[in-house]
Amino acid sequence: GLSTSPCWRRVRRLQEQGVIAATVALVDPRKVGLQVTAIAMVSLEDHHPDSVREFNQMINERPEILECHATSGQHDYTLKVICRSIEAYDELLSQWIMPCKAVHTVNTSFVLRSTKNTTALPLHEPVA
């Protein structure tokens, strides 16, 4: 029920406070030729700060790597990767990820279909 000006003031305040980190447009990957989504589980050779720094630098240089999460369990990191093709993923793997001295192993699963894909945060509890 707010007019435009108070609404924009609230949005600007949320941006200044860092609550709104970015404003983006969600692009359908398939409509721009990005056909392959992969989930790669990465194990490092060791956890020495230099190894982790080298790995993080490589990850941040590759636009195909959309997400990188340090994880507990069998693998050290989980990556979400999007590419034009399996061949493009193989090129990323063979020319960038595996040559990184910090990387020990990579196990990849390819997404066959997505049943849920959202960026919305659960800010309110669902009504029972």
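Residues numbered from 1 in each chain as written. Predicted model: local features only at pLDDT ≥ 70, side-chain atom pairs only at ≥ 80, totals over all residues. Heavy atoms only, no water.

### Quick word on the sheet that holds strand β3 (residues 77-83)
So, point 1. The sheet built from 4 strands is open, its strands ordered β2-β3-β1-β4 with antiparallel pairing. Every interior strand has two partners, whereas the edge strands, β2 (65-70) and β4 (103-110), have only one. Here the strands of the sheet are splayed against their neighbours by 20° on average, with no regard to which way each runs.
So, point 2. Contacts between helix α2 (residues 49-61) and the sheet are confined to β1 (36-44), β2, β3 and β4, with β3 contributing the most and set at about 20° to the helix. (Pairing = 2+ DSSP bridges. Helix = DSSP H or I, 4+ residues; strand = E, 2+ residues; numbered from the N terminus. Axes fitted to C-alpha atoms, helices over the stretch in contact; angles between N-to-C directions. Contact = heavy atoms within 4.5 Å.)

### Points about the packing of aromatic side chains
So, point 1. Using the criterion set out here, one finds 2 aromatic pairs in the structure.
So, point 2. Here the aromatic rings of phenylalanine 55 and tyrosine 77 are separated by 4.6 Å at their centres, their planes lie at 40°, and the arrangement is tilted. Of this pair, phenylalanine 55 sits in helix α2 while tyrosine 77 sits in strand β3, placing them 22 residues apart in sequence. No difference in accessibility class separates phenylalanine 55 from tyrosine 77, as the two residues are buried.
So, point 3. Measuring from ring centre to ring centre gives 5.4 Å for tyrosine 89 and phenylalanine 110, while their planes differ by 85°; the resulting arrangement is edge-to-face. Of this pair, tyrosine 89 sits in helix α3 (residues 86-97) while phenylalanine 110 is found in strand β4, placing the two residues 21 residues apart along the sequence.
So, point 4. By relative accessible area, tyrosine 89 is classed as buried at 3%. (Phe/Tyr/Trp six-rings, centres within 6.5 Å; stacked < 30°, edge-to-face > 60°. Buried < 20%, exposed > 50% of the residue type's maximum accessible area, 1.4 Å probe, protein only.)

### A few points about the pairing of β3
So, point 1. In terms of burial, β3 is a largely internal element, 5 of the 7 residues being buried.
So, point 2. Of the pairings in the sheet, the one linking β1 to β3 comprises 7 bridges and is antiparallel in character. Note that in β3 the partner of alanine 38 across the bridge is valine 81.
So, point 3. Connecting the antiparallel pair β2 and β3 is a turn made up of 6 residues, with glycine 73 showing a positive phi of about 100°.

### Concerning the side chain of serine 43
So, point 1. By the element assignment, serine 43 lies in strand β1.
So, point 2. Serine 43 gets classed as buried once you look at its relative accessible area, which sits at 10%.
So, point 3. At 3.3 Å, the side chain of serine 43 and the side chain of histidine 75 are in polar contact.
So, point 4. Among residues more than four places away in sequence, those in contact with serine 43 are Gln74, His75, Asp76, Ala102, Val103, His104 and Thr105. (Polar contact = N/O pair within 3.5 Å; in protein donor to acceptor, adjacent residues only side chain to side chain.)

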